[in-house]
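Overview (structure and organization)
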Amino acid sequence: MANPFENYNFDKAEDAFKTVKSKLKNYEVHKAYVKGEDWQNGKGWAGPKFEGTSKVSTLLKAEVERSFASKGSIRSAIRRKVRGVSGRVPTWMISSRNAPSNPEAQIPAEVQTRIDEAQKILNEFWKNSRVHTTVKDFVKDYETVGDAVLRIFFVRDGENELDPIESIEKAVKKVHLFKEDPGMGVVLLDKETLKKAAFYRYERDGMVFIEMCYVDDEGLTVYKTLSKNATKDFTKKTFAGSLDKYNKTTDETESEGLKLPLGEKLLIFQMTGDPLISNSMISQQKLVNKGLTMMSHNVDIDGFRSRVLLNAMPPGEFKRDETTGKEKFVADPNGLEVGAGKIQYANGLPIVEKEEGKIKTTYTTPSIFESQPIEVDTFIKTIETASDCILEEADQKHVAISGDATASGLSREEAREEFKQSLEDTKTSLDDVMSEVGECVLAVVAYLMAQNDRYADLQVTYGSILNPGPLSAESRNAAMNEGDKKYRSRESVMEQIGITDADAMKAKIKQEEAENPPEEDPKEGPKDDPNSN
């Protein structure tokens, strides 16, 4: 059966990004919430809308923006999920696909040597390429929008660029892992042939380029660049100084792209799924922000109360009108002076009446009306309810329960377990992707050292170490009690109480016991040696 990706052109590759683009329609909105930018030019405000360009509308919008208060509940939920999945340093387990089926059988020395080399490569790669930070950003994209992209890129420099690199340390330094923006990469699977192809789309100098890689029928990774203005040797000219240096192409092979012996590995990786952020979560975040904003406004009302004098003469004086010659009251434009130490008097308004032929003047009784703030409980309950809804939808209800004195310990553990299960969902996808990344790095390093397929039989298993948060004292004691009664292993107890590296901890305990052996009780006497007759 013909390779479905062999004759892909630019237009066909561009179609591969259509489904991704439709999924990312809310990417900018989601990203803004994760960055803590909740205002979003008024789109994050759920109160009355101030539409139009009138002076009043512009003034009101500016005033709301000035007093806009927000609480990054969505941001905290994403951060907590990322830390829970990728906050701790993971494990790399390397095994040979050709190893004996008997787990107790000794691994051949030659295989063990290559396993040790592979472990060294991945350790160097983890350190040199800052992989941990990249993985965290990768998981953040996945939780934010449900799409995340990684790309391996390797390059050489120097005079003899085509000569093999002699040491592992030098070869690993040429390999880099980049986290690309969501939507820039996509991996396709042909369901008929079960073959994969990966695409990476970018713009440069006003032109759109798509890097494509797939595995041909010979098992080689074909790497080519597509463009509407592509020429026969486009890939070679575009990548002069990087990937082109690895291949001595001829006129007959240039149009086919670069062929790399990478053990049928692709250089672009994608993780897709349902984002943590949903429309209902955004609506609850807007409600939280509205409650905080209105509470802030209520503070202004309470601290700077509005007062209205009723039936009172405003400050001012009587002045003669030059036109009519009559006395006329002129109000002071500054109004009443308020503040510490000020004493003010308010007179009633004069009411002139004619009674039995006489002019009678009376005065109204002044009164004052003062605005009253709304009870703050209204806003607090609104904020708490909306925040709890966000946590519940993110499977993080244990965070809200931790501050609830009325909640039982059982309910806290159940909520924490739900959060752990949500971490497991992301862990499964992340471990699969990073295992592929690890095997690809081994293939690239072997290629750079001119030892193709040296690590082809090795299988990399990436293991994320979850961190669902601190365990309660009751759960810790229960785990240790189960270990004492041999209901669970010592290693399982260590993992349960939060010890990430059980092997290192057991070695440390063994060392301390050897350095400080327990003293014998003189009442019991020396213990018998069970091996003696």
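Residues numbered from 1 in each chain as written. Predicted model: local features only at pLDDT ≥ 70, side-chain atom pairs only at ≥ 80, totals over all residues. Heavy atoms only, no water.

1. Let's talk about the overall build of the protein
Cut-off, in case you're wondering: The helix and strand labels rest on DSSP assignments: H or I over at least four residues marks a helix, E over at least two residues marks a strand, and numbering proceeds from the N terminus. We call two residues in contact whenever any of their non-hydrogen atoms come within 4.5 Å of each other. Only the protein chains shown count as cover for residues, and the accessible areas themselves come from Shrake-Rupley with a 1.4 Å probe.
Within the protein, the secondary structure is distributed over 16 helices and 16 strands. Counting only contacts in the protein whose residues sit at least 6 apart along the sequence, the fraction spanning at least 24 positions is 70%. When the accessible surface of the protein is summed, it comes to about 32300 Å², and 49% of that surface belongs to carbon and sulfur atoms.

2. Re the sheet that holds strand 5 (residues 195-204)
To keep it simple, the criterion reads: Only when DSSP finds a minimum of two bridges between them are two strands counted as paired. Convention adopted: a line fitted to C-alpha atoms gives each axis, helices being fitted over their contacting stretch, and angles between N-to-C directions are expressed from 0 to 180 degrees.
Ordered by their spatial adjacency, 5 strands build an open sheet running 4-5-6-7-8, and the pairing between neighbours is antiparallel. Of all the strands in the sheet, the pair left with one neighbour each is strand 4 (185-190) and strand 8 (258-260). Shown here is a sheet whose adjacent strand axes are inclined to one another by a mean of 20°, direction ignored. By the bridge criterion, 6 bridges tie strand 4 to strand 5 in an arrangement that is antiparallel. Of the residues in strand 5, the one forming a bridge with Val 186 is Phe 199.

3. Thoughts on the packing of aromatic side chains
Keep this limit in mind: The criterion for an aromatic pair is that two Phe, Tyr or Trp rings (for Trp, the six-membered ring) have centres within 6.5 Å, with stacked assigned to planes under 30 degrees apart, edge-to-face to planes over 60 apart and tilted to the rest. For every residue, the accessible area obtained with a 1.4 Å probe (protein chains only) is divided by the maximum for its type, and the residue is called buried under 20%, exposed over 50%, and partly exposed between those limits.
In this structure the tally under the stated criterion is 8 aromatic pairs. Ring centres of Trp 45 and Phe 68 lie 6.4 Å apart, and the angle between their planes is 75°; on these two criteria the pair is classed as edge-to-face. Of this pair, Trp 45 sits in the loop between helix 3 (27-34) and helix 4 (55-67) while Phe 68 is found in the loop between helix 4 and helix 5 (73-86), placing the two residues 23 residues apart along the sequence. Exposure remark for Phe 68: the relative accessible area of 17% places this residue in the buried category. Look at Tyr 202 and Phe 209: their rings are 5.5 Å apart centre to centre, the planes differ by 35°, and that puts the pair in the tilted class. The exposure class of Tyr 202 is buried, given its relative accessible area of 13%. Here Phe 209 falls in the buried class, since its relative accessible area comes to 3%. An aromatic cluster is built from Phe 5, Tyr 8 and Phe 199, whose rings are joined through pairwise contacts.

4. Overview of empty space enclosed by the protein
Note the following rule: Space inside and on the surface of the protein is sampled on a 1 Å grid over the protein atoms alone, with a cavity defined as a set of points where a 1.4 Å probe fits but cannot get out and a pocket as an open set with protein on both sides within 12 Å along at least 5 of 7 lines; lining residues have an atom within 4 Å of a point. Grid points are joined across faces, edges and corners, and a volume is the space filled by probe spheres set on the points.
Under the criterion given, the structure shown has 1 cavity of 30 Å³ or more. Here the largest cavity defines a volume of roughly 30 Å³. If you trace the largest cavity, you find it lined by Val 85, Ser 86, Arg 88, Pro 90, His 132, Val 135, Leu 430, Tyr 462 and Ser 464. Residue assignment for the lining of the largest cavity shows that the elements contributing at least two residues are helix 5 and helix 7 (131-145).

5. Description of a negative patch on the surface
Rule in force here: Exposure above 30% relative accessible area and no salt bridge define the residues that can form patches, which grow by joining like charges within 9 Å and nonpolar side chains of Val, Leu, Ile, Met, Phe, Trp and Tyr within 5 Å. Salt bridges are defined by distance alone: a side-chain nitrogen of Lys or Arg within 4 Å of a carboxyl oxygen of Asp or Glu. When charges are tallied, Lys and Arg are placed among the positive residues and Asp and Glu among the negative ones, while His and the ends of the chain are skipped. Just so you know, the charge point we use is NZ for Lys, CZ for Arg, CG for Asp and CD for Glu.
A cluster of acidic residues, Glu 384, Asp 388, Glu 392, Glu 393, Asp 395, Glu 414, Glu 417, Glu 418, Glu 424 and Asp 425, forms a negative patch on the protein surface. Contributing elements (two or more residues each) for the negative patch: helix 11 (377-393) and helix 13 (409-448). Ranked by residues supplied to the negative patch, first place goes to helix 13 with 5 residues. Position of Glu 424 among the secondary structure elements: in helix 13.

6. Brief notes about the pattern of salt bridges
In total, this model carries 23 salt bridges according to the counting rule given. In this structure, Lys 319 and Glu 317 form a salt bridge, with 3.6 Å as the shortest nitrogen-oxygen distance. Residue classification places Glu 317 among the partly exposed residues on the basis of a relative accessible area of 46%.

7. A word on unusual backbone geometry
A positive phi angle is found at Leu 194, which is not glycine, with a value near 60°. Of note, Leu 194 is situated in the loop between strand 4 and strand 5. Residue class for Leu 194 comes out exposed when judged on its relative accessible area of 63%. Positive phi, close to 55°, is recorded for Asp 205, a residue that is not glycine. Within the secondary structure, Asp 205 is located in the loop between strand 5 and strand 6 (207-215). The exposure class assigned to Asp 205 is exposed, which follows from its relative accessible area of 74%.

8. Looking at a positive patch on the surface
Taken together, the side chains of Arg 75, Arg 79, Arg 83, Lys 136 and Lys 140 make up a positively charged region of the molecular surface. Listed by contribution, the elements that provide at least two residues to the positive patch are helix 5 and helix 7. The element contributing the most residues to the positive patch is helix 5, with 3 residues. In this fold, Arg 83 is placed in helix 5. Given a relative accessible area of 53%, Arg 83 falls into the exposed group.

9. A look at the sheet that holds strand 2 (residues 147-154)
Here 3 strands make up an open sheet; going across it, the order is 3-2-9 and the pairing antiparallel. The sheet is open, and its two edges are formed by strand 3 (175-180) and strand 9 (268-272), each paired on a single side. Each adjacent strand pair in this sheet contributes to an overall mean axis angle of 20°, direction not counted. Bridging between strand 2 and strand 3 involves 6 bridges; their strand directions are antiparallel. Bridge assignment links Phe 153 to a residue of strand 3, and that residue is His 176. Contacts from helix 7 reach strand 2, strand 3 and strand 9, with the element oriented near 150° to strand 2.

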